[in-house]
Structures are given as structure tokens and as C-alpha cells.
Amino acid sequence: MRKIALFLLISVSFFPLPSYSQTTPAIGYLTEGELSSLKINDHTIFETSVPIENSSSERQMRDFSSCLNQLYFENKLDPNQIESVFDGQNGLIVADKSCTFTISPTIAEEYDTNPVALTLEWTNRLRLTLGASHIIGIRNHSLQLEQGNVGEASWYGGHFNGRQTASGERYDIHKLTAAHQSLPFGTQVLVTNLSNNKGIIVTINDRGPFKPGRVIDLSPAAFKSIGELNSGVIKVHLQILNN
């Protein structure tokens with residue numbers, strides 16, 4: 001059975017939408033069998049068939065689309081404030097403290113990825129559709145941040161740019177990569193600055209650092225997304241997302 005629920009908004013848009021969305025904007029959800037999707041003007045933003053915390057995917061999608069519409073009608077939906085959050089297990093798309101969508105490990109498995117990467121991808125789809133810019137970072141609110149793989153992170157660039165890394169790739173200071181002493185090349189790691197809980201996903205493609213106490217060497221692009229380059233070194237937590 002095919003069920004459609006769309007909430008029409010007023011024709012005056014408070015925020016610019018892409019060129020294909022210049023008609024009356026509509027945020028809603030579509031359910032086909034077990035598959036539920038978030039829709040904006042008939043464009044699918046994301047979809048899942050996986051229940052979340054004893055709640056059906058349909059209910060989760062319905063509740064999220066409903067609260068997005070409520071924020072819009074109250075002129076409180078600021079696309080630039082929509083962010084990605086990680087609680088140590090699940091990813092969260094946060095439009096407001098009372099308007100969130102949970103991405104569990106099971107949902108991420110449906111897309112053969114991890115909750116952090118999928119949360120960023122879906123957050124950006126929503127932000128871009130509503131006229132906001134792309135983001136690369138995620139706020140990490142895991143309670144285990146002070147435990148496990150904690151140490152100092154540094155960054156390297158300058159004359160290393162364009163040189164061959166230990167993996168054989170050319171080093172690009174603009175990419176989100178990092179050097180680690182032992183993790184396999186291609187491993188994705190969530191690096192979180194413990195002073196501000198800002199996190200970034202990097203891919204290991206080089207070896208290092210080799211100074212005591214340092215656990216990872218980041219590209220300038222990765223480092224400045226979670227800290228200030230002029231600080232040189234920051235205390236971080238590492239979480240492996242894949243091998």
C-alpha cells in the first residue's frame with residue numbers, strides 16, 4: 001500500500017532553494033511498503049526501511065518532516081544551523097534541539113557505511129536543498145571521549161604538498177587525510193578535538209607522526225576544521241570507523 005504525506009508550505013520562501021525548487025516548497029515523507037523517505041518538492045533527501053529504537057521508519061520520518069515544517073512556519077528553520085552530531089553510537093541530524101533524526105548503525109549498514117559518514121552525507125543533502133552550504137565536520141558528544149585512543153594531533157603541509165605518501169598517493173593539503181603509524185591505508189578515523197568536541201573524518205594514507213605522545217598527523221584541511229592551525233598541536237580522541 002502506498003501512503004503519501006506532504007505538508008505544503010506558504011509560497012514565500014524564507015530561505016533560498018535550488019533552481020528546481022522555485023515553486024511552492026513542500027516538506028514531507030513518502031512511505032512505500034517498509035521504505036520511508038524524506039521529501040522536499042518530490043526530491044528524495046534520504047530514505048530508510050530500518051526501525052529506530054522501537055519506532056517504525058515511517059514514524060521517524062513523519063515526526064522529522066513534521067517538526068521541520070513547524071520550524072519553518074515559525075520562521076525558526078535556519079538551514080545554516082542544521083548540523084551533524086555523534087553520540088558515540090548513533091548519528092543525529094539536528095535542525096533544532098527538539099527536531100532530530102537518528103541514524104543508527106543498522107541504518108548505516110543498509111548503505112554499507114558508518115553512522116558518522118552517513119549522518120554527514122544526509123545532513124548535507126538537507127542543508128544544500130534548503131540553500132545552506134556544505135559542512136565537513138561533526139560534533140562528537142560521545143561519553144567515551146576521554147577514554148581509549150587519546151593523544152596529540154599535529155598537522156603537516158608546506159613542502160610535503162604534492163609529494164608521494166607512504167601509500168603511494170600524492171599528498172594534497174586540501175584533502176581530509178592523515179598519517180598514522182600503524183593503521184591500514186584507507187582506514188577512516190573520526191578525529192575529535194577534546195577542547196571543543198568538533199570532529200572530522202579522515203582517511204589514513206601516510207605514516208607518522210614520530211614524536212612521543214602524538215597519535216596522528218593531519219592534513220591542514222582536516223586540522224583547521226577542528227582547531228586553529230597556529231596552535232600546532234591539539235589533544236584529540238581517535239575512533240576507527242572502518243578497516
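Residues numbered from 1 in each chain as written. Predicted model: local features only at pLDDT ≥ 70, side-chain atom pairs only at ≥ 80, totals over all residues. Heavy atoms only, no water.

Peer 1: Mind showing me how you'd approach the overall build of the chain here?
Peer 2: A count of helical and extended segments in the chain gives four helices and 14 strands. Within the span of the chain, comprising 243 residues, buried residues form 48% of the whole. When contacts within the chain are restricted to residue pairs at least 6 apart in sequence, long-range pairs at least 24 apart make up 63% of them. About 12100 Å² of surface is accessible on the chain, with carbon and sulfur atoms providing 49% of the total. (Helix = DSSP H or I, 4+ residues; strand = E, 2+ residues; numbered from the N terminus. Buried < 20%, exposed > 50% of the residue type's maximum accessible area, 1.4 Å probe, protein only. Contact = heavy atoms within 4.5 Å. Areas by Shrake-Rupley, 256 points an atom, 1.4 Å probe, with all protein chains shown as cover.)

Peer 1: Explain the pairing of strand β6 (residues 91–96) here, please?
Peer 2: Side chains on a regular strand alternate between the two faces of the sheet. Counted residue by residue, β6 has five buried out of six residues, so it is predominantly covered. One ladder, built from four bridges, connects strand β5 (residues 83–86) with β6; its direction is antiparallel. The residue bridging Val85 from the neighbouring strand is Leu92, located in β6. Connecting the antiparallel pair β5 and β6 is a turn made up of four residues, with Gly88 showing a positive phi of about 105°. Between β6 and strand β7 (residues 99–103), which pair antiparallel in sequence order, lie two residues. (Pairing = 2+ DSSP bridges.)

Peer 1: Looking at this structure, I do not really get the nonpolar core. What am I missing?
Peer 2: Nonpolar side chains in soluble globular proteins tend to be buried together. Among the nonpolar cores identified, the biggest contains 26 residues, and Leu38, Phe46, Phe64, Leu68, Leu77, Ile93 and Leu126 are the most heavily contacted of them. Judged by nonpolar contacts, the second largest core, of 17 residues, contains Leu183, Ile200, Val215 and Ile226. (Core = buried A, V, L, I, M, F, W, Y, C linked by side-chain atoms within 4.5 Å.)

Peer 1: Explain the environment of Ile82 here, please?
Peer 2: Secondary-structure assignment places Ile82 in the loop between α1 (57–73) and β5. C-alpha separation for the pair Ile82 and Ala132, spaced 50 residues apart in sequence, amounts to 8.8 Å. For Ile82, the residues in contact, after removing those within four places along its chain, are Leu77, Ile93, Val94, Ala95, Thr123, Leu126, Arg127, Leu130 and Ile135.

Peer 1: Would you take a moment to explain the state of the cysteines for this structure?
Peer 2: Think of a disulfide as a covalent bridge from one cysteine sulfur atom to another cysteine sulfur atom. As enumerated under the stated definition, the model contains one disulfide in all. One disulfide bridge connects Cys67 with Cys99, the sulfur atoms lying 2.0 Å from each other. Residues Cys67 and Cys99 are joined by a disulfide whose S-S torsion is about 70°; by sign, that bridge is right-handed. Linking Cys67 in helix α1 with Cys99 in strand β7, this pair joins segments that are 32 residues apart in sequence. (Disulfide = S-S within 2.5 Å.)

Peer 1: Please explain the packing of aromatic side chains as it appears in this structure.
Peer 2: Any two aromatic rings considered together are summarised by their centre-to-centre distance and by the angle between their planes. Under the counting rule described, the total for this entry stands at eight aromatic pairs. Ring geometry for Phe64 against Phe101: centres 5.6 Å apart, planes inclined by 50°, an arrangement best described as tilted. Within this pair, whereas Phe64 is found in helix α1, its partner Phe101 is found in strand β7, the two being separated by 37 residues in sequence. Here Phe64 falls in the buried class, since its relative accessible area comes to 1%. When the centroid spacing of 4.5 Å and the interplanar angle of 5° are considered together, the rings of Tyr156 and Tyr171 count as stacked. Within this pair, whereas Tyr156 is found in the loop between β9 (150–155) and β10 (177–179), its partner Tyr171 is found in the loop between β9 and β10, the two being separated by 15 residues in sequence. Members of the aromatic cluster, joined through ring pairs, are Phe46, Phe64, Phe101, Tyr111 and Trp122. (Phe/Tyr/Trp six-rings, centres within 6.5 Å; stacked < 30°, edge-to-face > 60°.)

Peer 1: Teacher, can you tell me more about the confidence of the model for the chain here?
Peer 2: For residues with low pLDDT, the predicted coordinates do not support detailed interpretation. Confidence along the chain averages 86 in pLDDT terms, with 86% of residues attaining 70 or more. Segment residues 1–24 is flagged for pLDDT under 50; beyond a separation of four residues in sequence, or across chains, it makes 59 contacts in the model. (pLDDT = per-residue confidence, 0-100.)

Peer 1: It is not clear to me how α1 should be interpreted in this structure. Could you clarify?
Peer 2: One turn of the α-helix equals 3.6 residues, which is why residues spaced by three or four share an orientation. The end-to-end C-alpha distance of α1, which contains 17 residues, comes to 24 Å, matching closely the 24 Å that a straight helix rising 1.5 Å per residue would cover. Within the sequence span of α1, burial applies to Ser57, Gln60, Met61, Phe64, Ser65, Cys67, Leu68, Asn69, Leu71 and Tyr72. Immediately beyond the C-terminal end of α1, within one or two residues, lies Asn75, with a positive phi of roughly 60°. (Expected span 1.5 Å × (residues − 1).)

Peer 1: I would appreciate a short explanation of the pattern of salt bridges in the present structure.
Peer 2: Pairing between side chains of opposite charge can happen when their charged atoms approach one another. Counted by the stated rule, this structure contains five salt bridges. Note that Arg59 is salt-bridged to Asp63, the shortest N-O span being 3.8 Å. Here Arg59 and its partner Asp63 are both found in helix α1, four residues apart, which amounts to about one turn of the helix. According to the relative accessible area criterion, Asp63 is partly exposed, its value standing at 37%. Glu83 is the salt-bridge partner of Arg139, the closest N and O atoms lying 2.4 Å from each other. A residue pair is termed long-range when its members are at least 10 positions apart, and Arg139 in strand β8 (residues 137–140) and Glu83 in strand β5 qualify at 56 residues. Because the salt bridges share partners, they merge into one network encompassing Arg59, Arg62 and Asp63. (Salt bridge = Lys/Arg side-chain N within 4 Å of Asp/Glu carboxyl O.)

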